[in-house]
Amino acid sequence: MILHEDRMGISMKKVSIMIPCYNEVDNVGPISEAVVRVFQEKLPKYDYEILFIDNCSYDGTREKIENICSKNKKVKAIFNVTNFGQFNSPFYGMCQTTGDCTICLCCDFQDPPELIPVFVDEWEKGHKIVSGIKTSSKESSFVYFLRTMYYKLMKNFSDVRMIEHFTGFGLYDKTFISLLKELDDPIPFVRGIVAEYGSGFNRKEVEYEQPKRRAGKTHNNFLSLYDAAMLSITSYTKMGLRVATLLGFVCSAISLIIALVYLILKLCRWDQFQAGYAPMILGIFVLGSLQLFFIGLLGEYILNINTRVIHRPLVVEEKRINFDEEAEEKKSSESGAL
């Protein structure tokens, strides 16, 4: 374990707080102050770093972060050249932390900073992963219901036993961070990775109620939620393709039976049987819609494969702040030890 020294020369464990952000100009200042306050009041025996990774904000967030970094050298920042999505950017940020453990925290206060000491305490007890699990939420009850249905669907059909109401908020030991670096996944899904490998890291769950956003407007919309759902489905389930195969078989069997019935009625010259064209038209529309749906689903799987084959970088950086200062401090301390 890496031990860091304070000004008195006392060894301290280092906790990294990774905060992804996108257009959070009203939240980056308060969240950094809240985290610093937690370490000063609740965790004074630990060293810390705060890493903001900004996904190409345009509302003044970057200027705020630069101002924060100039006042506190323990606050670092990575600015992306463009928006790399809701999964790549946080994953990349986790891999750039340097602490003995890393805590992922949303910038909007929906992940309570007050849980940081609880996570650290569980980590000290030997749990390499501590996952925050939402038991309730102050967000829209309808959205929470949809999320619950999604988690149950994934839990029942995934090859990996997914974790219900887990968003990635939690603590990760540096050994797990090392695993993330080795995966070399161009479209990583941290929730699935934690579910797949978490048992080997003595994972612990901590329940909490998700509060409302402190300020600003959520960037989660239908498209972002759909993207998250499709990534998890195409990465961790065969459900869609299996359902398409089975439903196609059932529809083919039904169509064959109906065709045989019509043929028999025609041969028997049952003049009183007048079905008309309605069944045929309805059948065409139903089968056509099913085909379009499953062609689209198959396209999602192919898109997932295509993204992995192209293997573009997770993130392309535009700028880093306060990383050189830490390297210089480490170099100076090593020179002093010699």
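The sections below set out a description of the structure shown in this document. (Residues numbered from 1 in each chain as written. Predicted model: local features only at pLDDT ≥ 70, side-chain atom pairs only at ≥ 80, totals over all residues. Heavy atoms only, no water.)

### Remarks on the overall build of the protein
Part 1 of the reasoning: Scanning the protein from N- to C-terminus turns up 11 helices and 10 strands.
Part 2 of the reasoning: When burial is assessed residue by residue, the protein has 44% of its 338 residues classed as buried.
Part 3 of the reasoning: For the protein, the share of sequence-separated contacts (at least 6 apart) that also reach a separation of at least 24 residues comes to 82%. (Helix = DSSP H or I, 4+ residues; strand = E, 2+ residues; numbered from the N terminus. Buried < 20%, exposed > 50% of the residue type's maximum accessible area, 1.4 Å probe, protein only. Contact = heavy atoms within 4.5 Å.)

### Details of the pairing of strand β3 (residues 14-21)
Part 1 of the reasoning: With seven of eight residues buried, β3 is to be regarded as a mostly interior element.
Part 2 of the reasoning: For β3 and strand β4 (residues 47-54), the ladder comprises eight bridges, and the chain directions are parallel. Note on β4: the bridge partner recorded for I19 is F52.
Part 3 of the reasoning: Following the chain from β3 across helix α1 (residues 28-41) to the adjacent parallel β4, one finds a crossover that is right-handed.
Part 4 of the reasoning: Bridge analysis of β3 against strand β6 (residues 101-104) gives four bridges, and the strand direction is parallel. Pairing of I17 across the sheet is with I103, part of β6. (Pairing = 2+ DSSP bridges. Right-handed = clockwise from strand over helix to strand, strands pointing away.)

### Concerning the environment of I50
Part 1 of the reasoning: Here I50 shows up in strand β4.
Part 2 of the reasoning: Once the C-alpha coordinates of I50 and K74 are considered, the two residues, 24 residues apart in sequence, prove to be 6.3 Å apart.
Part 3 of the reasoning: The contact partners of I50, leaving out residues within four places of it in the chain, are I17, I19, S32, V35, V36, K74, V75 and K76.

### Quick look at the sheet that holds strand β10 (residues 317-321)
Part 1 of the reasoning: Strand order in this open sheet of eight strands is β9-β7-β8-β6-β3-β4-β5-β10, and the pairing throughout is mixed. At either margin of the open sheet sits one strand with a lone partner, and together these are β9 (204-210) and β10. Averaged over all neighbouring strand pairs, the angle between strand axes comes to 20°, with direction disregarded.
Part 2 of the reasoning: Contacting β6, β7 (129-137) and β8 (166-173), helix α6 (residues 174-183) runs over the sheet at an angle of about 115° to β8. (Axes fitted to C-alpha atoms, helices over the stretch in contact; angles between N-to-C directions.)

### Digging into the pattern of salt bridges
Part 1 of the reasoning: Throughout the structure, instances matching the rule amount to 11 salt bridges.
Part 2 of the reasoning: Here K13 makes a salt bridge to E124, at a shortest N to O gap of 2.8 Å. Taken together, the residues span a long stretch of sequence, with K13 in the loop between β2 (11-12) and β3 and E124 in helix α4 (residues 116-124) at a distance of 111 residues.
Part 3 of the reasoning: Ionic pairing is found between R320 and E317, a salt bridge with its closest N-O pair at 2.7 Å.
Part 4 of the reasoning: Its relative accessible area of 35% is what places R320 among the partly exposed residues.
Part 5 of the reasoning: Because the salt bridges share partners, they merge into one network encompassing K14, E49 and K76. (Salt bridge = Lys/Arg side-chain N within 4 Å of Asp/Glu carboxyl O.)

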